[in-house]
Amino acid sequence: MHDACLTLNDLRSGDWGGYPVYLAVLGNPIRHSLSPQMHNAALRAMGKGDPRFREWRYQRFEISEEDLEEALETLLRKGFLGVNLTIPHKVRAVSLVDHIDATAEQLGAVNTLQRAPDGWIGFNTDGYGIEKAIRQELGVDLAGTTVIQLGAGGAARAVAVKCLQAGCRELWIGNRDPSRLNELLRLLEMEWGGRCPIHGFDLTQPPPTLPSTGLLINVTSLGLKPEDPSPIALERFSDALCVYDSTYGNPHNRLLADARDRGMRCADGLSMLVWQGVRALEIWSGAEVPADVMRRAAEEALHTRLSRG
Ligand code: NDP
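Because the structure is predicted, anything quoted here is derived from the model rather than measured.

Asks: Which residues make up the pairing of strand β6 (residues 112-116), and what values do they have?
Replies: Here β6 lies mainly inside the structure; 4 of its 5 residues are buried. Pairing analysis gives 3 bridges linking strand β4 (residues 82-85) to β6, with the strands arranged antiparallel. Paired with Gly 82 across the bridge in β6 is Gln 114. Sheet analysis places β6 next to strand β7 (residues 119-123), joined by 5 bridges and oriented antiparallel. Residue pairing in the sheet places Ala 116 in a bridge with Gly 119 of β7. Linking two consecutive strands that pair antiparallel, namely β6 and β7, is a turn of 2 residues.

Asks: With reference to specific residues and values, describe the site of the ligand.
Replies: Near the ligand you find 20 residues, and of these Gly 154, Ala 155, Asn 175, Arg 176 and Asp 177 are the closest. Taking Asp 177, its main chain carries an N or O atom lying 2.8 Å from an oxygen atom of the ligand. Arg 180 is positioned with one of its side-chain polar atoms (N or O) 3.0 Å from an oxygen atom of the ligand. When isolated, the ligand has an accessible area of 920 Å², and the protein chains bury 78% of it. Counting residues per element, the ones that place at least two in the shell around the ligand are α6 (154-166) and α9 (270-285).

Asks: Before we move on, could you go through the sheet that holds β6 and cite the residues and values that matter?
Replies: Strands sit in the order β1-β3-β2-β4-β6-β7-β5 across an open sheet of 7 strands; the sheet is mixed. The strands lining the two open edges of the sheet, one partner per strand, are β1 (5-6) and β5 (99-100). Here 7 bridges tie strand β2 (residues 21-27) to strand β3 (residues 56-62), and the two strands are oriented parallel to one another. Residue pairing in the sheet places Val 21 in a bridge with Trp 56 of β3. Packed on one face of the sheet, helix α2 (residues 35-49) meets β2, β3 and β4 and runs near 175° to β3. Along the sheet face, helix α3 (residues 68-77) touches β2, β4, β6 and β7 and points at about 175° away from the line of β2.

Asks: Talk me through the pattern of salt bridges; I want residue IDs and the actual numbers.
Replies: A complete count under the given rule lists 14 salt bridges for this structure. Glu 131 is the partner of Lys 162 in a salt bridge, and the nearest nitrogen-oxygen pair spans 3.5 Å. Note that Lys 162 is positioned in helix α6 and Glu 131 in helix α5 (residues 126-138), a separation of 31 residues in sequence. A relative accessible area of 16% means that Lys 162 is categorised as buried. One network of salt bridges, with partners in common, ties together Glu 131, Arg 135, Asp 141 and Lys 162.

Asks: Could you give an account of the packing of aromatic side chains, with specific residues and numbers?
Replies: Following the criterion strictly, the structure yields 8 aromatic pairs and no others. Consider the rings of Trp 16 and Phe 61, whose centres lie 5.6 Å apart with planes at 65°: the pair is edge-to-face. Of this pair, Trp 16 sits in the loop between α1 (8-13) and β2 while Phe 61 sits in strand β3, placing them 45 residues apart in sequence. Ring geometry for Tyr 19 against Tyr 22: centres 6.0 Å apart, planes inclined by 90°, an arrangement best described as edge-to-face.

Asks: Can you lay out the domain arrangement of the protein for me, pointing to particular residues and giving the numbers?
Replies: By domain assignment, the protein separates into domain 1 (5-124) and domain 2 (127-268). Each of domain 1 and domain 2 has a C-alpha centre, and these two points are 29 Å apart. Contacts between domain 1 and domain 2 engage 6 residues on the former and 8 residues on the latter. For the domain 1 face of the interface with domain 2, the top three residues by lost area are Gln 106, Leu 107 and Asn 124, together amounting to 75%. The tally of links between domain 1 and domain 2 comes to 0 salt bridges. In this structure, the connection of domain 1 to domain 2 is made through 3 residue pairs in polar contact (both at pLDDT 80 or more). Of the residues contributing to the side of domain 1 that touches domain 2, the split by class is 2 nonpolar, 4 polar and no charged.

Cut-off values and rules
- Residues numbered from 1 in each chain as written.
- Predicted model: local features only at pLDDT ≥ 70, side-chain atom pairs only at ≥ 80, totals over all residues.
- Heavy atoms only, no water.
- Buried < 20%, exposed > 50% of the residue type's maximum accessible area, 1.4 Å probe, protein only.
- Helix = DSSP H or I, 4+ residues; strand = E, 2+ residues; numbered from the N terminus.
- Pairing = 2+ DSSP bridges.
- Near = heavy atom within 4 Å.
- Polar contact = N/O pair within 3.5 Å; in protein donor to acceptor, adjacent residues only side chain to side chain.
- Areas by Shrake-Rupley, 256 points an atom, 1.4 Å probe, with all protein chains shown as cover.
- Contact = heavy atoms within 4.5 Å.
- Axes fitted to C-alpha atoms, helices over the stretch in contact; angles between N-to-C directions.
- Salt bridge = Lys/Arg side-chain N within 4 Å of Asp/Glu carboxyl O.
- Phe/Tyr/Trp six-rings, centres within 6.5 Å; stacked < 30°, edge-to-face > 60°.
- Domains from an automatic or database assignment.
- Buried area = accessible area lost by both parts, 1.4 Å probe.
- Nonpolar A, V, L, I, M, F, W, Y, C, P; charged D, E, K, R; others polar.

Now the structure itself:
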């Protein structure tokens, strides 16, 4: 049952008393989420040392935007302890939670909810996820680093705020749609202007002033599909550039293949997914979470998904 893709009707009619503690991820689409495999593997491992966690289960629910409010109320009523939110719910959920932590409020997006006596508390663990992933996979600390970020969508906001919070040297953000770019720049300037140089650029025509080295982070959706072009030509950069591509599931996409050809340090976004999940499970459990177990479970689930086509 815990690997199935459930619906709002299942949530309404289900008797969720089978295990004492339930967790859930809500999204649309959600069928391909790796989170249930990742979290349930971690809970099995945690259960070996602490019997409490043998009675925890993580489920996925396909929930449309219109049904989010009812789904969150129902999850609370049915006793769920925690919830992850993915596309398209992260921004809308901000207005549906009862409390919000400071980072999530700054981002205007939540991806993790925890039950409180009087409702849901909202957190955002995406920024934590990318910072840990970049340090672990590339050996790069955001503090003091020049960051060139590609993309200005929902995830890009969390990435930009984390780079600024961590004390990056300067932040360059490129996007195709100028209005989305300007909206993000306006938000960032309000909070961080004067403390760190923030520059916007047209991703379709990168300027000659763009730094040639530092850390390039792709937060566009280009790279999700094998046939996608690279979001930026790497010829203009020094081979010392490090490349983090937040997409995952296609580790040989154009950007990563070009980076490897040039001998650049690079990694795909699976590690970000794992670390945002580790942080969420730490929030819910208050316990140490085995990141290596979550990583292996995510890799296995991805392998199974890819081999099924
Ligand atoms: P959004 O839909 O909010 O943003 C999409 C971004 O991609 C926008 O900047 C958009 O630019 C850009 N884009 C889309 N198509 C193109 C194109 N053809 N050419 C140039 N730019 C393009 O998505 P999210 O911000 O939620 O997600 C972005 C990426 O981050 C996804 O690939 C997602 O998989 C990844 N992600 C990874 C996570 C992880 O844990 N590893 C967590 C969250 C997200 P424009 O404004 O011009 O349309």
